[in-house]
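Spelled out from the first residue to the last, the chains are:
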Amino acid sequence: MSMEKIIVRELNLWYGEKQALEDVNMQIRENRVTALIGPSGCGKSTFIRCLNRMNDRIEGVRITGKVEIDGKNIYDKDVDVVALRKRIGMLFQKPNPFPMSIYDNVAYGPRIHGTGDKKKLREIVEDGIRGAALWDEVSDRLETNALDLSGGQQQRLCIARTLAVKPEIILFDEPCSALDPIATGKIEELIHDLKREYTIVIVTHNMQQAARVSDYTGYFLLGEMIEFGKTKKLFENPHKKETEDYITGRFG
Amino acid sequence: MIGKKQFNAEAIAKRTLFLFAITGALILFLIVVFIFKEGLPIFNQINPVDFMLGGEWSPSKDVYGALPFIAATILITAGALMIAVPLGISCSVFLAEIAPKWARELVRPAIELLAGIPSIVYGLFALVVIVNTIEVSFDVPTGESILAGSLILAIMILPIIISISQDSIEAVPRAYKEGSYAMGATDTQTITRIVIPTATPGIVAGIILGMGRAIGETMAVVLVLGNVEKIPTNLLDQGEALTSVILLEMGEAAVGSPHYNALFALSMILFMIVFSLSSISNHIIAKRGLRPG
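Residues numbered from 1 in each chain as written. Chains lettered and ligands numbered in written order. Predicted model: local features only at pLDDT ≥ 70, side-chain atom pairs only at ≥ 80, totals over all residues. Heavy atoms only, no water.

S.K.: Honestly, the overall build of chain A in this entry has me stumped. Any pointers?
M.R.: The number of helices and strands found in chain A is ten helices and ten strands. On C-alpha atoms alone, chain A measures out to a radius of gyration of 18 Å, which is about the 18 Å that the 2.2 N^0.38 rule sets for 252 residues. Projected onto the principal axes, the alpha-carbon positions of chain A cover approximately 55 × 45 × 35 Å. Counting the 252 residues in chain A, one finds 55% classified as buried. Across chain A, contacts joining residues at least 24 apart in sequence account for 67% of those joining residues at least 6 apart. (Helix = DSSP H or I, 4+ residues; strand = E, 2+ residues; numbered from the N terminus. Rg over C-alpha atoms; globule rule 2.2 N^0.38 Å. Buried < 20%, exposed > 50% of the residue type's maximum accessible area, 1.4 Å probe, protein only. Contact = heavy atoms within 4.5 Å.)

S.K.: What's the story with the packing of helix α3 (residues 67-98) of chain B against helix α6 (residues 146-170) of chain B in this structure? I'm lost.
M.R.: Helix packing for two helices is described by the angle between their axes and how far apart those axes are. All names here are of chain B. Between α3 and α6, the shortest axis-to-axis distance is 6 Å and the interhelical angle comes to 35°. Our pair here, α3 against α6, has a crossing hand that is right-handed. Residue composition of the contact of α3 with α6, grouped by class: 22 nonpolar, seven polar and two charged. (Axes fitted to C-alpha atoms, helices over the stretch in contact; angles between N-to-C directions. Left-handed = near helix turned anticlockwise from the far one by under 90°. Nonpolar A, V, L, I, M, F, W, Y, C, P; charged D, E, K, R; others polar.)

S.K.: Hey, could you run me through the interface of chain A and chain B in this one?
M.R.: Tallying the contact residues gives 25 residues for chain A and 18 residues for chain B. For the pair chain A and chain B, the number of links is two salt bridges. With a shortest N-O distance of 3.5 Å, Asp187 of chain B and Arg57 of chain A are connected by a salt bridge. Joining chain A to chain B, the criterion identifies six residue pairs in polar contact (both at pLDDT 80 or more). For the side of chain A that touches chain B, the secondary-structure elements that each account for two or more residues are α2 (81-87), β6 (88-91) and α3 (102-112) of chain A. (Salt bridge = Lys/Arg side-chain N within 4 Å of Asp/Glu carboxyl O. Polar contact = N/O pair within 3.5 Å; in protein donor to acceptor, adjacent residues only side chain to side chain.)

S.K.: Whenever I open this one, the packing of helix α6 (residues 151-163) of chain A against helix α7 (residues 181-194) of chain A confuses me. Can you help?
M.R.: Residue and element names in this part refer to chain A. At their nearest, the axes of α6 and α7 sit 9 Å apart, and the two run at 20° to each other. With respect to each other, α6 and α7 are oriented roughly parallel. In the crossing of α6 with α7, the sense of the turn from one axis to the other is right-handed. Each of Gly152, Gln155, Arg156, Ile159 and Leu163 in α6 lies in contact with α7, whose residues at this interface are Ala183, Lys186, Ile187, Leu190 and Leu194. (Parallel < 35°, antiparallel > 145°, perpendicular 65-115°, else oblique.)

S.K.: What am I meant to see in the nonpolar core here?
M.R.: The nonpolar side chains of a soluble globular protein tend to be buried with one another. Within the largest apolar cluster, 47 residues are counted, with the highest numbers of intra-cluster contacts made by Tyr108 of chain A together with Ile76, Ile152, Leu153, Ile157 and Ile169 of chain B. Looking at this core, the elements with two or more residues in it are α3 of chain A together with α3, α5 (119-138), α6, α8 (187-216) and α9 (219-224) of chain B. (Core = buried A, V, L, I, M, F, W, Y, C linked by side-chain atoms within 4.5 Å.)

S.K.: Would you take a moment to explain the domain arrangement of chain B for this structure?
M.R.: For an interface, size is often stated in terms of accessible area lost upon the parts coming together. Residue and element names in this part refer to chain B. The assigned domain composition of chain B is domain 1 (2-44) and domain 2 (48-287). On a C-alpha basis, the centroid separation for the pair domain 1 and domain 2 is 31 Å. Approximately 1000 Å² of surface area, both sides summed, lies buried where domain 1 meets domain 2, with 86% of it carried by carbon and sulfur atoms. Summed over the shared surface of domain 1 and domain 2, the number is zero salt bridges. The tally of links from domain 1 across to domain 2 stands at two residue pairs in polar contact (both at pLDDT 80 or more). Residues belonging to the side of domain 1 that touches domain 2 are distributed by class as follows: eight nonpolar, one polar and one charged. (Domains from an automatic or database assignment. Buried area = accessible area lost by both parts, 1.4 Å probe.)

S.K.: Would you explain the pairing of strand β1 (residues 4-15) of chain A in this entry?
M.R.: Where a strand is regular, its side chains alternate between the two sheet faces. Residue and element names in this part refer to chain A. Looking at chain direction, β1 and strand β2 (residues 18-29) are connected through eight bridges and run antiparallel. Pairing of Trp14 across the sheet is with Gln19, part of β2. Here β1 folds back onto β2, and the loop between the two strands holds two residues, one of which, Gly16, carries a positive phi near 60°. As paired elements, β1 and strand β4 (residues 61-69) share eight bridges and run antiparallel to each other. Its bridge partner lying in β4, Arg9 is registered against Lys66. (Pairing = 2+ DSSP bridges.)

S.K.: I would appreciate a short explanation of the packing of aromatic side chains in the present structure.
M.R.: Each pair of aromatic rings is reported with the distance of its centres and the angle of its planes. On inspection of all chains with the given rule, the structure shows ten aromatic pairs over all chains. Ring geometry for Trp57 of chain B against Phe69 of chain B: centres 5.1 Å apart, planes inclined by 80°, an arrangement best described as edge-to-face. A residue pair is termed long-range when its members are at least 10 positions apart, and Trp57 of chain B in strand β1 (residues 57-58) and Phe69 of chain B in helix α3 qualify at twelve residues. For Trp57 of chain B, a relative accessible area of 4% puts it in the buried group. Three or more aromatic residues link up through ring pairs in this structure, and these residues are Phe43, Phe51, Trp57, Tyr64 and Phe69 of chain B. Seen from the ring of Tyr181 of chain B, Arg57 of chain A lies directly overhead, with NZ or CZ sitting 3.5 Å from the centre. Looking at Arg161 of chain A, its charged tip hangs above the ring of Phe98 of chain A, at a distance of 4.2 Å from the centre. (Phe/Tyr/Trp six-rings, centres within 6.5 Å; stacked < 30°, edge-to-face > 60°. Lys NZ or Arg CZ within 6 Å of the ring centre and 35° of its normal.)

S.K.: Explain the side chain of Arg49 of chain A to me, please; I cannot follow it from the model alone.
M.R.: Locating Arg49 of chain A in the fold gives a position in helix α1 (residues 44-50). Setting aside residues up to four positions removed in sequence, Arg49 of chain A forms contacts with Met54, Asn55, Ile58, Met90, Phe92 and Asp173 of chain A together with Glu178 of chain B.

S.K.: Which parts of the structure should I look at to understand the side chain of Arg156 of chain A?
M.R.: Residues and elements named next belong to chain A. Mapping Arg156 onto the fold places it in helix α6. According to the relative accessible area criterion, Arg156 is buried, its value standing at 4%. Not counting residues up to four positions away in its chain, the partners in contact with Arg156 are Ala132, Ala133, Leu134, Glu137, Lys186, Ile187 and Leu190.

Below you can see the structure in the form of structure tokens.
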């Protein structure tokens, strides 16, 4: 049994007057993959962006409740958001490599966090790219522009970039929604490998993907978390009728 | 029957619009033709190199050397860029990335208004404020100088640099910035390492357009430069810009005389500089898929 890495308590979020998350409670375990599913607009992406305070950047957002990581509420006033985001990597729907070389993309994180030594930087970059299962495809062209890579390679490059910062938790916000099935398969395989070292939370609109990669699944509907549990149990024997309707395809 | 009629109406509309559109290009072509037609004859009596590099301009002696004017124009333009570029880029970064909404809504229209002020008004302002300030602070007999020209041009091209830079900074995809923040980058790191490098082509285009404006500016410059036909050697020297000579002397030059041709040749120089600057900036903008203004 693994430890709880993230504990979410009574989390509410408003965009202006509109409430987008309502009393969400969740426990996310260390070195496990937790999937969040639900129809579009259910709040799952909003929720995952609360875990590294990316919603801070959006005007008019108000949040109440707690998100405790290793027991510390990340919404406390004394929390350094920059240091927090260093511990929590994030991948986005659309691969977003920077318009620079493959090497510079992966070196970006270590550089901004103060790694100046060339040799050490090269090691970190190589480890990151290997960790993202991309080394064999790009090792001979690290100086080429990252935007020349295929979509799937770009997304793995973004994973490499995140690994280079050495986070503890990695958040995936629908990481495969812009990818073809083969590229998707590679990312899923990678997520499976990464959970040995990282705690992973993944938002997906693809139920099969949740079933394939995750240990735990939460089902969101209209800003509320309807059901949370072991993935196998949630898919085979859901407690709630809403969950059953969604996973059997009767809705959503 | 109905179908055919509509088709005809559409064809007529298309042709008419095409005609209007082509008019713009035609006008440009005619301007080039006439400026060159009036300017080129001067090269029958003086070779182009001597014309460009000659240090003396005395129409009464039939001596035409444009170097003092070219030098003054280059100096005031360079001075203006040295002031306006750092200021303009900082301002556009602030407006696009840092400013709260109310500040942006206050400053942006003000800057657009600044771009629309007639240049003679800038000139009068410069005459009263800048020239006087220079006289007082440097204790010189007259504040009319290269410095005064640079300062007023800096103010005039600031809105161009700011608005084009701001557009291009705002066009940096949000995904890049989020990727940077998600790795624990600070605002400053994200701006200096991601936003500005990505927006650089647009910023450069803005600077080049501003430069074109500065080179071609006439009314404000003629009021504050002192209009002395010698090569300026320091910032407090007086000088006369290419545009100023044309403005001041065209009235007294007899049509078809060498003096007249020489003034047109100066406008050829101006035209070619501005034309090449605007092609460079269009090229940069097209490459990045950004729109100017």
